[in-house]
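# What the coordinates show
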Amino acid sequence: MTHDRSHRRRFAHGHGDGFHRPHGRHRHGGGPRRIFAGGELPLVLLHLLAEAPRHGYDIIKALEARAGGAYAPSPGVIYPTLTLLEEQGLATATPDGAGRRRHAPTAEGLAHLAANREAAEALLARLDRHAETAPPAPVLR
């Protein structure tokens, strides 16, 4: 049976829902997965920064909590995305004196978020749905 290229990409890992699960945290085993397609993560980060200025670690924990513990992005994904937002003028970073940088959206970043509010809400709803279907976290004794 032959399949077109898009079919192979979409179903290559056995997930026809288009929702990518990260390595070690997805329900059915397998290799690494992405939860966001290209261009989606910056919008989610802007939303989180608009809620409150945050350090990169705080963003990782906020996303993990929003996904019910089933997804925790790596620092290797979050920090470059924060740098991209800074370079685009959508976010700023201020040193906090403890060797960390606190990120916040700029006025331009807030305007970008407002212009893309529906897309941001859809991405956050996707995380919420994933949290509802994620297996419960193991109880440590």
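Everything below is about the structure printed above this text.
### Structural notes on the overall build of the chain
When its secondary structure is counted, the chain shows six helices and two strands. In sequence order, the chain lays out its α and β elements as α-α-α-α-β-β-α-α. Of all 141 residues assigned to the chain, the portion counted as buried reaches 35%. Accessible surface for the chain amounts to roughly 8,500 Å². Of this, 55% is attributable to carbon and sulfur atoms.

### As for the side chain of Arg54
Looking at the secondary structure, you find Arg54 in the loop between helix 2 (41–51) and helix 3 (56–66). A distance of 2.9 Å separates a polar side-chain atom of Arg54 from the backbone oxygen of Leu48.

### Structural notes on the pattern of salt bridges
Considering all chains together, one arrives at six salt bridges under this definition. A salt bridge links Glu40 to Arg126; the shortest N-O distance between them is 3.2 Å. On the criterion of sequence distance, the pair formed by Glu40 in the loop between helix 1 (5–11) and helix 2 and Arg126 in helix 6 (residues 117–133) is long-range, its members being 86 residues apart. Arg126 shares its class with Glu40; the two are buried. For the salt bridge of Lys61 with Glu64, the shortest nitrogen-to-oxygen distance reads 3.0 Å. Separated by three residues within a single helix, Lys61 and Glu64 lie in helix 3, roughly one turn from each other. A relative accessible area of 37% places Lys61 in the partly exposed class. Owing to a relative accessible area of 16%, Glu64 belongs among the buried residues under this scheme.

### Thoughts on the pairing of strand 1 (residues 91–95)
Where strand 1 lies against strand 2 (residues 101–105), five bridges are found, and the strand directions are antiparallel. In the strand pairing of strand 2, Pro95 is matched with Arg101. Turn length for the strand 1-strand 2 hairpin, with the two strands adjacent in sequence and antiparallel, is five residues, and the turn residue Gly97 shows positive phi of about 90°.

### Focus: the packing of aromatic side chains
A full pass over the atoms with the stated rule returns one aromatic pair. Between the aromatic rings of Phe36 and Tyr71, the centroid separation amounts to 6.0 Å while the plane-to-plane angle is 80°, which identifies the pairing as edge-to-face. In this pair, Phe36 sits in the loop between helix 1 and helix 2 while Tyr71 sits in the loop between helix 3 and helix 4 (75–87), placing the two residues 35 residues apart along the sequence. Residue Tyr71 is classed as buried on the basis of its relative accessible area, which comes to 7%.

Each value, and the rule that gives it
Residues numbered from 1 in each chain as written. Predicted model: local features only at pLDDT ≥ 70, side-chain atom pairs only at ≥ 80, totals over all residues. Heavy atoms only, no water. Helix = DSSP H or I, 4+ residues; strand = E, 2+ residues; numbered from the N terminus. Buried < 20%, exposed > 50% of the residue type's maximum accessible area, 1.4 Å probe, protein only. Areas by Shrake-Rupley, 256 points an atom, 1.4 Å probe, with all protein chains shown as cover. Polar contact = N/O pair within 3.5 Å; in protein donor to acceptor, adjacent residues only side chain to side chain. Salt bridge = Lys/Arg side-chain N within 4 Å of Asp/Glu carboxyl O. Pairing = 2+ DSSP bridges. Phe/Tyr/Trp six-rings, centres within 6.5 Å; stacked < 30°, edge-to-face > 60°.

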